[in-house]
Amino acid sequence: MHQMTLAEIARGLADKKFSSEELTKVLLARITQLDPQLNSFISLTEELAIEQAKAADARRANGESGALLGAPIAHKDLFCTQGIRTSCGSKMLDNFKAPYDATVVAKLAAAGAVTLGKTNMDEFAMGSANESSWYGAVKNPWNLEHVPGGSSGGSAAAVAARLLPAATATDTGGSIRQPAAFTNLTGLKPTYGRVSRWGMIAYASSLDQGGPLARTAEDCAILLQGMAGFDQNDSTSIDEPVPDYSASLGESLQGLRIGVPKEYFSAGLDPRIAELIQNSIKELQKLGAVIKEISLPNMQHAIPAYYVIAPAEASSNLSRFDGVRFGHRCEQPKDLIDLYKRSRGEGFGPEVQRRIMVGAYALSAGYYDAYYLKAQKIRRLVKNDFMAAFNEVDIILGPTTPNPAWKLGAKNSDPVAAYLEDVYTITANLAGLPGLSMPAGFVDGLPVGVQLLAPYFQEGRLLNVAHQYQLNTDWHTRTPTGF
Ligand code: GLN
(Lines give C-alpha, C1' and ligand atoms only; values in the text may rest on other atoms or scores of the structure.)
Protein backbone atom coordinates (compact mmCIF):
# COMPACT_ATOMS: atom_id res chain seq x y z
CA MET A 1 0.00 0.00 0.00
CA HIS A 2 2.86 2.36 0.89
CA GLN A 3 4.25 2.11 -2.65
CA MET A 4 1.34 4.03 -4.16
CA THR A 5 1.73 7.49 -5.63
CA LEU A 6 -0.80 10.26 -4.95
CA ALA A 7 -2.39 9.59 -8.35
CA GLU A 8 -2.73 5.87 -7.54
CA ILE A 9 -4.13 6.65 -4.10
CA ALA A 10 -6.72 8.98 -5.64
CA ARG A 11 -7.84 6.23 -8.04
CA GLY A 12 -7.91 3.60 -5.27
CA LEU A 13 -9.99 5.83 -3.00
CA ALA A 14 -12.38 6.69 -5.84
CA ASP A 15 -12.77 2.97 -6.69
CA LYS A 16 -13.32 2.16 -2.98
CA LYS A 17 -10.37 -0.28 -2.99
CA PHE A 18 -9.44 1.02 0.48
CA SER A 19 -10.39 3.90 2.73
CA SER A 20 -8.31 6.88 3.69
CA GLU A 21 -8.47 5.70 7.29
CA GLU A 22 -7.00 2.29 6.37
CA LEU A 23 -4.23 3.85 4.34
CA THR A 24 -3.48 6.43 7.03
CA LYS A 25 -3.11 3.70 9.67
CA VAL A 26 -0.76 1.69 7.44
CA LEU A 27 1.45 4.73 6.84
CA LEU A 28 1.47 5.83 10.49
CA ALA A 29 2.57 2.31 11.48
CA ARG A 30 5.27 2.41 8.82
CA ILE A 31 6.54 5.75 10.08
CA THR A 32 6.67 4.46 13.66
CA GLN A 33 8.56 1.39 12.51
CA LEU A 34 11.04 2.91 10.06
CA ASP A 35 11.55 6.56 10.91
CA PRO A 36 13.91 5.93 13.85
CA GLN A 37 16.51 5.11 11.15
CA LEU A 38 15.89 8.37 9.30
CA ASN A 39 14.70 11.00 11.81
CA SER A 40 12.56 12.60 9.11
CA PHE A 41 9.70 13.65 11.40
CA ILE A 42 9.81 16.19 14.22
CA SER A 43 6.16 15.60 15.22
CA LEU A 44 3.62 12.94 14.33
CA THR A 45 -0.01 14.06 14.35
CA GLU A 46 -1.70 10.67 14.65
CA GLU A 47 -4.99 11.80 16.17
CA LEU A 48 -5.45 14.63 13.72
CA ALA A 49 -4.59 12.28 10.84
CA ILE A 50 -7.19 9.68 11.81
CA GLU A 51 -9.79 12.40 12.32
CA GLN A 52 -9.02 13.99 8.92
CA ALA A 53 -9.00 10.57 7.22
CA LYS A 54 -12.42 9.70 8.65
CA ALA A 55 -13.76 13.07 7.56
CA ALA A 56 -12.38 12.55 4.05
CA ASP A 57 -13.96 9.08 3.87
CA ALA A 58 -17.28 10.60 4.94
CA ARG A 59 -17.00 13.30 2.26
CA ARG A 60 -16.33 10.65 -0.39
CA ALA A 61 -19.29 8.61 0.86
CA ASN A 62 -21.38 11.74 0.32
CA GLY A 63 -20.33 11.84 -3.31
CA GLU A 64 -17.48 14.33 -3.14
CA SER A 65 -14.31 13.66 -5.12
CA GLY A 66 -10.92 15.28 -5.61
CA ALA A 67 -7.36 14.08 -6.05
CA LEU A 68 -6.36 15.19 -2.55
CA LEU A 69 -9.48 14.03 -0.73
CA GLY A 70 -8.10 11.51 1.78
CA ALA A 71 -4.49 11.76 0.54
CA PRO A 72 -1.87 11.43 3.30
CA ILE A 73 0.81 14.14 3.35
CA ALA A 74 3.11 15.90 5.82
CA HIS A 75 4.20 19.51 6.21
CA LYS A 76 7.71 20.84 6.56
CA ASP A 77 7.88 22.10 10.13
CA LEU A 78 7.92 25.77 9.16
CA PHE A 79 4.31 25.80 7.98
CA CYS A 80 2.20 26.97 10.92
CA THR A 81 -0.26 24.33 12.10
CA GLN A 82 -2.87 25.47 14.59
CA GLY A 83 -2.37 23.99 18.05
CA ILE A 84 0.54 21.84 16.82
CA ARG A 85 4.21 22.48 17.46
CA THR A 86 5.78 24.44 14.61
CA SER A 87 9.47 24.35 15.45
CA CYS A 88 11.26 25.44 12.27
CA GLY A 89 13.91 22.92 13.30
CA SER A 90 14.99 25.22 16.14
CA LYS A 91 15.25 25.06 19.91
CA MET A 92 13.98 28.65 19.73
CA LEU A 93 10.52 27.43 18.67
CA ASP A 94 10.50 24.01 20.35
CA ASN A 95 7.70 25.23 22.61
CA PHE A 96 5.76 27.11 19.89
CA LYS A 97 2.28 25.91 19.03
CA ALA A 98 1.04 28.01 16.14
CA PRO A 99 -2.21 29.89 16.85
CA TYR A 100 -3.37 29.53 13.24
CA ASP A 101 -2.86 27.44 10.09
CA ALA A 102 -0.64 28.66 7.24
CA THR A 103 -2.62 29.29 4.05
CA VAL A 104 -0.98 26.25 2.45
CA VAL A 105 -1.98 24.06 5.41
CA ALA A 106 -5.55 25.40 5.41
CA LYS A 107 -5.94 24.99 1.64
CA LEU A 108 -4.68 21.41 1.65
CA ALA A 109 -6.86 20.54 4.64
CA ALA A 110 -9.88 22.00 2.85
CA ALA A 111 -9.05 19.85 -0.19
CA GLY A 112 -9.20 16.85 2.15
CA ALA A 113 -5.50 16.05 2.56
CA VAL A 114 -4.58 14.16 5.72
CA THR A 115 -1.67 15.53 7.78
CA LEU A 116 0.48 12.73 9.18
CA GLY A 117 2.97 15.03 10.84
CA LYS A 118 5.59 17.75 10.61
CA THR A 119 8.90 17.01 8.95
CA ASN A 120 12.45 17.72 10.04
CA MET A 121 14.41 20.54 8.43
CA ASP A 122 17.53 22.63 8.75
CA GLU A 123 17.13 25.23 11.48
CA PHE A 124 15.11 28.13 10.04
CA ALA A 125 15.64 26.51 6.60
CA MET A 126 19.32 27.48 6.60
CA GLY A 127 21.37 24.67 5.16
CA SER A 128 21.77 22.12 2.41
CA ALA A 129 22.16 18.94 4.42
CA ASN A 130 19.52 18.95 7.17
CA GLU A 131 22.34 18.82 9.70
CA SER A 132 21.60 22.17 11.35
CA SER A 133 18.29 20.92 12.82
CA TRP A 134 18.06 21.12 16.60
CA TYR A 135 16.24 17.78 16.37
CA GLY A 136 19.26 16.08 14.82
CA ALA A 137 20.38 15.22 11.32
CA VAL A 138 18.16 13.37 8.85
CA LYS A 139 19.61 10.33 7.05
CA ASN A 140 19.35 9.67 3.34
CA PRO A 141 17.34 6.46 2.75
CA TRP A 142 19.59 5.65 -0.23
CA ASN A 143 22.58 5.45 2.08
CA LEU A 144 22.15 6.10 5.78
CA GLU A 145 25.68 7.49 6.03
CA HIS A 146 24.82 10.33 3.66
CA VAL A 147 22.78 13.50 4.03
CA PRO A 148 19.36 13.76 2.36
CA GLY A 149 19.96 17.37 1.31
CA GLY A 150 18.32 20.38 2.87
CA SER A 151 16.73 22.34 4.11
CA SER A 152 13.64 20.19 3.36
CA GLY A 153 15.55 16.99 4.20
CA GLY A 154 12.81 15.52 6.40
CA SER A 155 10.11 15.85 3.74
CA ALA A 156 12.50 14.38 1.14
CA ALA A 157 13.73 11.43 3.21
CA ALA A 158 10.18 10.53 4.30
CA VAL A 159 8.79 10.53 0.75
CA ALA A 160 11.84 8.74 -0.68
CA ALA A 161 11.51 6.01 1.98
CA ARG A 162 7.84 5.54 1.06
CA LEU A 163 6.68 6.64 4.50
CA LEU A 164 4.12 8.75 2.63
CA PRO A 165 3.50 9.73 -1.00
CA ALA A 166 4.20 13.49 -0.91
CA ALA A 167 5.00 16.39 1.38
CA THR A 168 5.16 20.16 1.38
CA ALA A 169 8.51 21.90 1.38
CA THR A 170 10.01 25.34 0.82
CA ASP A 171 12.80 26.62 -1.38
CA THR A 172 14.78 29.80 -0.66
CA GLY A 173 17.93 28.82 -2.54
CA GLY A 174 17.25 25.21 -3.53
CA SER A 175 15.65 23.52 -0.52
CA ILE A 176 13.02 21.70 -2.56
CA ARG A 177 15.08 20.86 -5.65
CA GLN A 178 18.35 19.87 -3.98
CA PRO A 179 16.86 17.35 -1.51
CA ALA A 180 14.71 16.04 -4.39
CA ALA A 181 17.92 15.42 -6.36
CA PHE A 182 19.66 13.78 -3.38
CA THR A 183 16.79 11.36 -2.68
CA ASN A 184 15.48 10.52 -6.18
CA LEU A 185 12.32 12.63 -5.99
CA THR A 186 10.58 15.19 -8.15
CA GLY A 187 10.36 18.62 -6.51
CA LEU A 188 9.01 21.90 -7.78
CA LYS A 189 9.80 25.42 -6.65
CA PRO A 190 7.01 27.58 -8.07
CA THR A 191 7.26 31.14 -9.35
CA TYR A 192 7.73 33.62 -6.49
CA GLY A 193 4.22 34.67 -5.46
CA ARG A 194 2.45 31.56 -6.82
CA VAL A 195 2.09 29.89 -3.39
CA SER A 196 1.15 31.95 -0.34
CA ARG A 197 3.84 32.56 2.25
CA TRP A 198 1.31 33.44 4.92
CA GLY A 199 2.01 31.31 7.97
CA MET A 200 5.27 30.04 6.50
CA ILE A 201 7.96 31.07 8.99
CA ALA A 202 10.19 33.43 7.03
CA TYR A 203 13.85 32.83 6.24
CA ALA A 204 14.48 35.32 3.39
CA SER A 205 11.13 36.79 2.39
CA SER A 206 12.02 37.87 -1.14
CA LEU A 207 13.31 34.38 -1.98
CA ASP A 208 11.13 31.93 0.02
CA GLN A 209 8.56 29.89 -1.85
CA GLY A 210 6.58 26.79 -0.88
CA GLY A 211 6.09 23.85 -3.21
CA PRO A 212 5.58 20.09 -3.52
CA LEU A 213 7.99 17.17 -3.05
CA ALA A 214 6.78 13.86 -4.47
CA ARG A 215 7.97 10.89 -6.51
CA THR A 216 6.52 11.93 -9.86
CA ALA A 217 5.72 15.06 -11.81
CA GLU A 218 2.12 13.85 -11.92
CA ASP A 219 1.99 13.94 -8.11
CA CYS A 220 3.70 17.33 -7.95
CA ALA A 221 0.92 18.63 -10.21
CA ILE A 222 -1.72 17.28 -7.80
CA LEU A 223 -0.08 18.74 -4.70
CA LEU A 224 0.74 22.08 -6.32
CA GLN A 225 -2.90 22.39 -7.37
CA GLY A 226 -3.87 22.31 -3.71
CA MET A 227 -1.18 24.81 -2.65
CA ALA A 228 -1.22 27.50 -5.37
CA GLY A 229 -3.38 30.58 -5.58
CA PHE A 230 -3.77 34.21 -4.63
CA ASP A 231 -3.90 35.05 -0.93
CA GLN A 232 -4.75 38.52 0.25
CA ASN A 233 -2.91 37.81 3.52
CA ASP A 234 0.40 37.68 1.63
CA SER A 235 1.27 41.01 0.04
CA THR A 236 3.64 39.32 -2.42
CA SER A 237 1.10 36.73 -3.54
CA ILE A 238 0.20 37.24 -7.20
CA ASP A 239 -3.37 37.36 -8.40
CA GLU A 240 -2.93 35.16 -11.44
CA PRO A 241 -5.40 32.37 -12.29
CA VAL A 242 -4.21 28.88 -11.34
CA PRO A 243 -4.25 26.57 -14.37
CA ASP A 244 -5.22 22.90 -14.18
CA TYR A 245 -1.74 21.45 -13.74
CA SER A 246 -2.76 17.82 -14.29
CA ALA A 247 -4.40 18.83 -17.59
CA SER A 248 -1.07 20.24 -18.82
CA LEU A 249 0.61 16.81 -18.62
CA GLY A 250 -0.36 15.47 -22.04
CA GLU A 251 1.56 17.75 -24.37
CA SER A 252 4.08 16.51 -26.92
CA LEU A 253 7.65 17.77 -26.64
CA GLN A 254 7.95 18.02 -30.43
CA GLY A 255 9.82 21.24 -31.18
CA LEU A 256 10.34 22.18 -27.51
CA ARG A 257 13.41 24.40 -27.35
CA ILE A 258 15.70 23.42 -24.48
CA GLY A 259 18.53 25.76 -23.54
CA VAL A 260 21.64 24.28 -21.95
CA PRO A 261 23.85 26.96 -20.38
CA LYS A 262 27.52 26.47 -21.17
CA GLU A 263 28.45 27.82 -17.71
CA TYR A 264 26.78 24.80 -16.10
CA PHE A 265 29.47 22.40 -17.31
CA SER A 266 32.41 23.95 -15.52
CA ALA A 267 35.17 22.37 -13.48
CA GLY A 268 33.10 22.06 -10.31
CA LEU A 269 30.65 19.57 -11.84
CA ASP A 270 31.21 15.86 -11.11
CA PRO A 271 31.87 14.38 -14.59
CA ARG A 272 29.63 11.41 -13.79
CA ILE A 273 26.74 13.82 -13.19
CA ALA A 274 27.60 15.66 -16.41
CA GLU A 275 27.25 12.35 -18.25
CA LEU A 276 23.83 11.62 -16.72
CA ILE A 277 22.67 15.11 -17.70
CA GLN A 278 23.81 14.44 -21.28
CA ASN A 279 21.81 11.20 -21.22
CA SER A 280 18.69 13.05 -20.10
CA ILE A 281 19.23 15.55 -22.91
CA LYS A 282 19.39 12.68 -25.41
CA GLU A 283 16.21 11.22 -23.98
CA LEU A 284 14.38 14.53 -24.41
CA GLN A 285 15.77 14.86 -27.96
CA LYS A 286 14.25 11.48 -28.77
CA LEU A 287 10.92 12.94 -27.64
CA GLY A 288 11.26 15.77 -30.12
CA ALA A 289 13.01 18.52 -28.14
CA VAL A 290 15.59 20.73 -29.83
CA ILE A 291 18.75 21.59 -27.89
CA LYS A 292 20.42 24.98 -28.01
CA GLU A 293 23.52 26.12 -26.15
CA ILE A 294 22.88 29.32 -24.21
CA SER A 295 24.85 31.52 -21.81
CA LEU A 296 24.08 32.85 -18.33
CA PRO A 297 27.12 35.11 -17.98
CA ASN A 298 26.39 36.40 -14.47
CA MET A 299 25.89 33.01 -12.90
CA GLN A 300 29.32 33.12 -11.22
CA HIS A 301 28.18 36.08 -9.09
CA ALA A 302 24.99 34.43 -7.87
CA ILE A 303 26.38 32.63 -4.80
CA PRO A 304 28.03 35.70 -3.26
CA ALA A 305 24.91 37.78 -4.00
CA TYR A 306 22.60 35.17 -2.49
CA TYR A 307 24.76 34.75 0.62
CA VAL A 308 24.46 38.49 1.26
CA ILE A 309 20.74 38.92 0.47
CA ALA A 310 19.47 35.78 2.25
CA PRO A 311 21.33 36.42 5.54
CA ALA A 312 20.39 40.14 5.39
CA GLU A 313 16.70 39.30 5.18
CA ALA A 314 17.13 36.53 7.75
CA SER A 315 18.76 38.87 10.26
CA SER A 316 15.75 41.13 9.96
CA ASN A 317 13.13 38.34 10.03
CA LEU A 318 14.71 36.58 13.00
CA SER A 319 14.89 39.73 15.13
CA ARG A 320 11.38 38.93 16.39
CA PHE A 321 12.70 35.91 18.31
CA ASP A 322 13.82 37.82 21.38
CA GLY A 323 12.62 35.67 24.26
CA VAL A 324 9.78 38.10 25.00
CA ARG A 325 6.93 37.60 22.57
CA PHE A 326 7.43 33.94 21.82
CA GLY A 327 10.15 31.36 21.60
CA HIS A 328 12.79 30.20 24.00
CA ARG A 329 13.45 32.36 27.05
CA CYS A 330 16.56 31.97 29.19
CA GLU A 331 16.35 31.24 32.94
CA GLN A 332 16.52 34.16 35.38
CA PRO A 333 17.73 37.02 33.19
CA LYS A 334 19.63 39.78 35.05
CA ASP A 335 18.15 42.53 32.90
CA LEU A 336 16.62 43.09 29.45
CA ILE A 337 19.89 42.93 27.54
CA ASP A 338 20.86 39.74 29.32
CA LEU A 339 17.43 38.32 28.43
CA TYR A 340 17.90 39.08 24.73
CA LYS A 341 21.47 37.87 24.61
CA ARG A 342 21.02 34.61 26.42
CA SER A 343 17.60 33.75 24.93
CA ARG A 344 18.94 34.22 21.40
CA GLY A 345 22.32 32.69 22.23
CA GLU A 346 20.66 29.57 23.64
CA GLY A 347 17.75 29.39 21.18
CA PHE A 348 19.64 29.69 17.89
CA GLY A 349 22.21 27.18 16.66
CA PRO A 350 25.61 28.10 15.18
CA GLU A 351 24.58 28.31 11.50
CA VAL A 352 21.65 30.61 12.28
CA GLN A 353 23.86 32.80 14.46
CA ARG A 354 26.47 32.97 11.70
CA ARG A 355 23.86 34.13 9.19
CA ILE A 356 22.38 36.71 11.55
CA MET A 357 25.86 38.16 12.05
CA VAL A 358 26.65 38.20 8.32
CA GLY A 359 23.25 39.74 7.54
CA ALA A 360 23.39 42.40 10.24
CA TYR A 361 26.88 43.34 9.04
CA ALA A 362 25.80 43.59 5.39
CA LEU A 363 22.89 45.84 6.38
CA SER A 364 24.83 48.08 8.74
CA ALA A 365 25.42 51.75 7.92
CA GLY A 366 28.60 52.10 5.92
CA TYR A 367 28.46 48.56 4.51
CA TYR A 368 24.92 48.58 3.13
CA ASP A 369 25.94 50.06 -0.24
CA ALA A 370 29.01 47.92 -0.60
CA TYR A 371 27.27 44.60 0.12
CA TYR A 372 23.48 44.66 0.15
CA LEU A 373 22.91 47.15 -2.67
CA LYS A 374 25.65 45.56 -4.77
CA ALA A 375 24.06 42.14 -4.25
CA GLN A 376 20.68 43.51 -5.34
CA LYS A 377 22.27 44.81 -8.54
CA ILE A 378 23.73 41.38 -9.25
CA ARG A 379 20.30 39.95 -8.64
CA ARG A 380 18.93 42.09 -11.44
CA LEU A 381 21.74 41.00 -13.78
CA VAL A 382 20.96 37.35 -13.04
CA LYS A 383 17.32 37.97 -13.85
CA ASN A 384 18.24 39.79 -17.08
CA ASP A 385 20.36 36.81 -18.17
CA PHE A 386 17.32 34.57 -17.80
CA MET A 387 15.01 36.98 -19.61
CA ALA A 388 17.43 37.07 -22.54
CA ALA A 389 17.70 33.26 -22.56
CA PHE A 390 13.94 32.77 -22.50
CA ASN A 391 13.66 34.86 -25.66
CA GLU A 392 15.35 31.96 -27.39
CA VAL A 393 14.32 28.82 -25.51
CA ASP A 394 11.28 27.38 -23.73
CA ILE A 395 13.06 25.77 -20.82
CA ILE A 396 16.59 25.68 -19.42
CA LEU A 397 18.12 22.34 -18.44
CA GLY A 398 21.12 21.37 -16.35
CA PRO A 399 22.25 19.54 -13.23
CA THR A 400 20.45 20.29 -9.96
CA THR A 401 23.65 19.89 -7.95
CA PRO A 402 27.35 19.65 -8.82
CA ASN A 403 27.85 16.57 -6.61
CA PRO A 404 25.72 13.77 -5.18
CA ALA A 405 24.74 13.70 -1.49
CA TRP A 406 27.81 13.98 0.71
CA LYS A 407 28.57 12.01 3.88
CA LEU A 408 27.05 13.16 7.14
CA GLY A 409 29.40 15.63 8.77
CA ALA A 410 31.61 16.03 5.68
CA LYS A 411 31.01 19.75 5.29
CA ASN A 412 30.32 20.71 8.90
CA SER A 413 33.65 22.40 9.49
CA ASP A 414 33.49 24.42 6.28
CA PRO A 415 30.18 26.24 5.76
CA VAL A 416 31.37 27.88 2.53
CA ALA A 417 31.96 24.44 0.98
CA ALA A 418 28.26 23.73 1.54
CA TYR A 419 27.24 27.15 0.16
CA LEU A 420 29.08 26.38 -3.09
CA GLU A 421 26.91 23.29 -3.63
CA ASP A 422 23.93 25.65 -4.23
CA VAL A 423 25.42 26.99 -7.45
CA TYR A 424 22.71 25.65 -9.79
CA THR A 425 19.64 26.27 -7.66
CA ILE A 426 19.91 29.76 -6.19
CA THR A 427 19.69 31.66 -9.46
CA ALA A 428 16.01 30.69 -9.85
CA ASN A 429 15.27 32.18 -6.42
CA LEU A 430 17.19 35.36 -7.17
CA ALA A 431 15.13 35.75 -10.37
CA GLY A 432 11.86 34.43 -8.87
CA LEU A 433 11.55 31.77 -11.59
CA PRO A 434 9.97 28.32 -11.28
CA GLY A 435 12.32 25.32 -11.20
CA LEU A 436 11.93 21.56 -11.00
CA SER A 437 14.30 18.74 -10.18
CA MET A 438 13.65 15.19 -11.39
CA PRO A 439 15.55 11.90 -11.10
CA ALA A 440 18.17 11.32 -13.80
CA GLY A 441 20.24 8.36 -12.64
CA PHE A 442 22.70 7.29 -9.96
CA VAL A 443 26.35 7.79 -9.05
CA ASP A 444 27.77 5.27 -6.55
CA GLY A 445 24.24 4.28 -5.63
CA LEU A 446 23.27 7.88 -4.85
CA PRO A 447 20.56 9.65 -6.87
CA VAL A 448 21.26 12.51 -9.27
CA GLY A 449 18.78 15.18 -10.35
CA VAL A 450 18.30 17.14 -13.54
CA GLN A 451 16.95 20.66 -13.12
CA LEU A 452 14.49 22.37 -15.46
CA LEU A 453 13.76 26.11 -15.30
CA ALA A 454 10.93 27.92 -17.09
CA PRO A 455 9.60 31.47 -17.51
CA TYR A 456 7.33 32.94 -14.83
CA PHE A 457 4.13 30.97 -14.15
CA GLN A 458 5.11 28.15 -16.52
CA GLU A 459 4.91 25.48 -13.80
CA GLY A 460 2.65 23.48 -16.14
CA ARG A 461 5.37 23.41 -18.79
CA LEU A 462 7.95 22.12 -16.29
CA LEU A 463 5.56 19.46 -15.01
CA ASN A 464 4.72 18.35 -18.53
CA VAL A 465 8.35 18.03 -19.62
CA ALA A 466 9.13 16.05 -16.45
CA HIS A 467 6.06 13.88 -16.95
CA GLN A 468 6.94 13.07 -20.58
CA TYR A 469 10.47 12.22 -19.43
CA GLN A 470 9.09 10.00 -16.66
CA LEU A 471 6.80 8.19 -19.10
CA ASN A 472 9.97 7.18 -20.97
CA THR A 473 12.46 6.55 -18.15
CA ASP A 474 12.26 4.61 -14.90
CA TRP A 475 14.75 6.39 -12.61
CA HIS A 476 11.91 7.86 -10.56
CA THR A 477 10.45 4.41 -9.87
CA ARG A 478 13.58 3.08 -8.12
CA THR A 479 13.16 2.40 -4.42
CA PRO A 480 15.92 2.55 -1.79
CA THR A 481 16.82 -0.90 -0.39
CA GLY A 482 15.34 -1.48 3.04
CA PHE A 483 12.36 0.77 2.39
N1 GLN B 1 21.19 26.02 1.04
C2 GLN B 1 20.61 27.32 0.95
C3 GLN B 1 20.81 28.06 2.23
O4 GLN B 1 21.35 27.49 3.11
C5 GLN B 1 19.15 27.26 0.59
C6 GLN B 1 18.25 26.91 1.71
C7 GLN B 1 16.81 27.01 1.35
O8 GLN B 1 16.43 26.99 0.17
N9 GLN B 1 15.98 27.17 2.36
O10 GLN B 1 20.47 29.17 2.38
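That block above? That's the structure.
Criteria and thresholds
What you see as residue numbers is a count from 1 along each chain, following the sequence as written. Local features in a predicted model are, by the rule used here, given only for residues with pLDDT of at least 70; side-chain atom pairs are given and counted only at 80 or more, and totals for whole chains, interfaces and linings are based on all residues. Heavy atoms from the whole structure form the basis of all side-chain values; hydrogens and water molecules are not counted. Within the patch definition used here, like charges are joined within 9 Å and nonpolar side chains (Val, Leu, Ile, Met, Phe, Trp, Tyr) within 5 Å, considering only residues with over 30% relative accessible area and no salt bridge. For accessible areas, the Shrake-Rupley method is used with a probe of radius 1.4 Å. Any residue's cover is judged against the shown protein chains and nothing else. One speaks of a salt bridge when a side-chain nitrogen belonging to Lys or Arg is within 4 Å of a carboxyl oxygen belonging to Asp or Glu. Helix and strand definitions here come from DSSP, where helices need a minimum of 4 consecutive H or I residues and strands a minimum of 2 consecutive E residues; each element is numbered from the N-terminal end. In this scheme, a residue with accessible area under 20% of its type's maximum is buried, one over 50% is exposed, and one in between is partly exposed, where area comes from a 1.4 Å probe on protein chains only. Neighbouring residues are identified by heavy atoms, a residue being near a molecule or strand if any of them is within 4 Å of it. The term polar contact refers here to a pair of N or O atoms within 3.5 Å; inside protein, the definition further demands a hydrogen-donor-capable atom paired with an acceptor-capable atom, and it admits residues adjacent in sequence only when both atoms are side-chain atoms. Three categories are distinguished: nonpolar for Ala, Val, Leu, Ile, Met, Phe, Trp, Tyr, Cys and Pro, charged for Asp, Glu, Lys and Arg, and polar for the others, with Gly belonging to the last. Points on a 1 Å grid over protein atoms alone make up a cavity when a 1.4 Å probe fits among them but cannot get out, and a pocket when they form an open set with protein on both sides within 12 Å along at least five of seven lines; lining residues each have an atom within 4 Å of a point. Grid points are joined across faces, edges and corners, and a volume is the space filled by probe spheres set on the points. An axis is simply a line fitted to the C-alpha atoms; with a helix, the fit covers only the stretch in contact. Between two such axes, the angle follows the N-to-C directions and lies from 0 to 180 degrees. Orientation labels follow simple angle bins: below 35 degrees gives roughly parallel, above 145 gives roughly antiparallel, 65 to 115 gives roughly perpendicular, and whatever is left gives oblique. By definition, residues are in contact when any of their heavy atoms lie within 4.5 Å. Pairing of aromatic rings covers Phe, Tyr and Trp, the last through its six-membered ring, and needs centres within 6.5 Å; plane angles under 30 degrees mean stacked, over 60 mean edge-to-face, and all others mean tilted. Both a distance and an angle decide whether a charge sits over a ring: NZ of Lys or CZ of Arg must be within 6 Å of the ring centre and within 35 degrees of the ring normal.

### Observations regarding a nonpolar patch on the surface
Nonpolar side chains collect at one region of the surface, where V324, L336, I337 and Y340 lie side by side and expose about 350 Å² of accessible area between them. By the element assignment, L336 lies in helix α10 (residues 336-347). Classification of L336 as partly exposed rests on a relative accessible area of 47%.

### Details of the site of the ligand
Of all residues adjacent to the ligand, which total 15 residues, the nearest are T172, G173, S175, Y203 and Y306. Contacts to the ligand include A125, whose backbone N or O atom sits 2.8 Å from a nitrogen atom. R355 is positioned with one of its side-chain polar atoms (N or O) 2.8 Å from an oxygen atom of the ligand. In the complex, 99% of the free accessible area of the ligand, which totals 300 Å², lies under the protein chains. Class assignment for the residues of the shell around the ligand results in five nonpolar, seven polar and three charged.

### So, empty space enclosed by the protein
Scanning all chains against the criterion turns up two cavities of 30 Å³ or more. Considering the residues around the largest cavity, the lining is formed by 15 residues, among which G127, S128, G173, S175 and D422 are closest to the centre. Taken together, L296, N298, M299, V382, D385, F386 and T427 make up the lining of the second largest cavity. Broken down by element, the lining of the second largest cavity gets its largest block of residues, three residues, from helix α12 (residues 368-389). Residue classes in the lining of the second largest cavity are distributed as four nonpolar, two polar and one charged.

### Concerning the packing of helix α8 (residues 271-286) against helix α15 (residues 459-472)
Relative orientation of the contacting elements α8 and α15 amounts to 95 degrees, with a least axis distance of 10 Å. Comparing the axis directions of α8 and α15 gives the class roughly perpendicular. Residues S280, E283 and L284 of α8 touch α15, and the partners they reach there are V465, Y469 and N472. Looking at the contact of α8 with α15 residue by residue, the class counts come to three nonpolar, two polar and one charged.

### Focus on the packing of aromatic side chains
In this structure the tally under the stated criterion is 18 aromatic pairs. Judged by centre distance (4.7 Å) and plane angle (35 degrees), the ring pair of Y100 and W198 falls under tilted. Of this pair, Y100 sits in the loop between β2 (72-76) and α4 (103-110) while W198 sits in the loop between β5 (186-189) and β6 (210-214), and the two are 98 residues apart along the sequence. Ring plane angle 75 degrees and centroid distance 5.7 Å describe the contact between F124 and F348, whose orientation is recorded as edge-to-face. Taken together, the positions of F124 in the loop between β3 (114-119) and α5 (153-160) and F348 in the loop between α10 and α11 (350-363) put the pair 224 residues apart, joining distant regions of the chain. Here the two residues F124 and F348 agree in accessibility, since each one is buried. For K411, the ring lying beneath its charged end belongs to W406, and the centroid distance is 5.1 Å.

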